[in-house]
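# A structural walkthrough
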Amino acid sequence: MTGSAHTDATPPSGGEEDVIVIRYLATLRDLTRKIEDRLPAGMFRSLVDVLEFLCDKYGEEFERRVFERKKRALRGSAVAIVNGRVVRGRDVTKLVISSGMLIVLGIFALGG
């Protein structure tokens, strides 16, 4: 279902309460070649930690499109939806990671 905006805000289940799920939409799905990652929640304190981990894992192109490390902020066209709540820009510094979170990452074209 590439390109779908479907976010399914249901947290992980089936004995996976100690993980977070990161789902990728459209461009990021193509870049990562994955639909989602499941990671131990205890690895991360904030959404910034998650984004830095993903930049290290997926490389320069992912970082160029998603996260500005120096500013500790999502790039302008990047959005994170965390358990149904939209997170933009520097708000990533305020979000504390907890077990069972669903984080959906996408890039949205601006303009018309």
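Look a little higher up for the structure.
To start, this report covers the structure provided alongside it. It should be emphasised that the depicted structure is a prediction, and the values quoted were computed from it without experimental measurement.

Rules used throughout
Residues numbered from 1 in each chain as written. Predicted model: local features only at pLDDT ≥ 70, side-chain atom pairs only at ≥ 80, totals over all residues. Heavy atoms only, no water. Buried < 20%, exposed > 50% of the residue type's maximum accessible area, 1.4 Å probe, protein only. Helix = DSSP H or I, 4+ residues; strand = E, 2+ residues; numbered from the N terminus. Pairing = 2+ DSSP bridges. Contact = heavy atoms within 4.5 Å.

Attention now moves to the pairing of strand β1 (residues 19–24). Across the six residues of β1, six count as buried, placing the element largely inside the fold. Where β1 meets strand β2 (residues 36–40), five bridges bridge the pair, whose relative direction is antiparallel. Counterpart to Val19 in the pairing with β2 is Pro40. One ladder, built from four bridges, connects β1 with strand β7 (residues 102–107); its direction is parallel. Within β7, the residue paired with Arg23 across the bridge is Val104.

Let us now look at the environment of Leu95. Among the secondary structure elements, Leu95 is positioned in the loop between β6 (85–87) and β7. With relative accessibility at 7%, the residue Leu95 sits in the buried group. Measuring from C-alpha to C-alpha, the distance between Leu95 and Arg45 comes to 8.7 Å, with 50 residues separating the pair along the chain. Contacts of Leu95, omitting those with residues within four sequence positions, involve Arg45, Ser46, Leu47, Val82, Arg85, Val87 and Met101.

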